[in-house]
Amino acid sequence: MDATALIASPLAIQIHAVSAIAALALGTIVLLMCKGTGLHKAMGRIWIGFMIVVALSSFLIAEIRMFGPYSLIHALSLYTLLGLVQAVLAIRRGHVRAHRSHMIALYSGSLILAGAFTLLPGRRMHAVVFADGGTTAFLAALGIAAILGALYYQRRRAKL
């Protein structure tokens, strides 16, 4: 791993990447921890803050231009912002299932799936992660597989 490409990037990209990485780490913890506790709520609020920064900072990044300064990835940012609002409204109304569904969709779609696309050849994060020949990427893939496995196990256990 070599962060040179990220360090040399514009500030908006640095903020976007650091916030996304923080949201991925914190989101993993929140999804795996006991739900409904004060700690879950506090960490969830911080996670929402990170996600808002990730989504809003994307509008300052216009390297892939499809529609003026924007691309399809900006539609994902809008989806993320709307999904966050829906998730918060759901839990405030006591709709725990809807809240859980929104949060899992945001975590898996806006972080895992979108993050995977940043690792494609030619993208900045590809240069950062694969600078060591792929060792970091392999370890990251194992980590993501472990996260997804733990989430699957947790959901199966909750249904029993």
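One can find the structure itself at the top, above this paragraph.
Everything numeric in this text was worked out from a predicted model, so none of it was measured.

Draft legend 1. The arrangement of the overall build of the chain in detail. Within the chain, the secondary structure is distributed over seven helices and zero strands. Starting at the N terminus and walking to the C terminus, you meet the elements of the chain as α-α-α-α-α-α-α. Here the C-alpha atoms of the chain give a radius of gyration of 16 Å, agreeing with the 15 Å that 2.2 N^0.38 yields for 160 residues. The dimensions of the chain, computed from C-alpha atoms along their principal axes, are 45 × 35 × 25 Å. A buried classification covers 31% of the 160 residues belonging to the chain. Pairs at least 24 apart in sequence give 62% of the contacts found in the chain among residues at least 6 apart. Roughly 9,900 Å² of accessible area belongs to the chain as shown, and the carbon and sulfur atoms make up 71% of that amount.

Draft legend 2. Quick look at a positive patch on the surface. Where like charges cluster on the molecular surface, the positive patch consists of Lys-35, Arg-97, Arg-100 and Arg-155. Its location among the elements puts Arg-97 in helix α5 (residues 96-117). The class for Arg-97 is exposed, based on a relative accessible area of 68%.

Conventions we followed
Residues numbered from 1 in each chain as written. Predicted model: local features only at pLDDT ≥ 70, side-chain atom pairs only at ≥ 80, totals over all residues. Heavy atoms only, no water. Helix = DSSP H or I, 4+ residues; strand = E, 2+ residues; numbered from the N terminus. Rg over C-alpha atoms; globule rule 2.2 N^0.38 Å. Buried < 20%, exposed > 50% of the residue type's maximum accessible area, 1.4 Å probe, protein only. Contact = heavy atoms within 4.5 Å. Areas by Shrake-Rupley, 256 points an atom, 1.4 Å probe, with all protein chains shown as cover. Patch = residues over 30% accessible without salt bridge, like charges linked within 9 Å, V, L, I, M, F, W, Y side chains within 5 Å. Salt bridge = Lys/Arg side-chain N within 4 Å of Asp/Glu carboxyl O. Lys, Arg positive; Asp, Glu negative; His and termini not counted. Charge placed at Lys NZ, Arg CZ, Asp CG, Glu CD.

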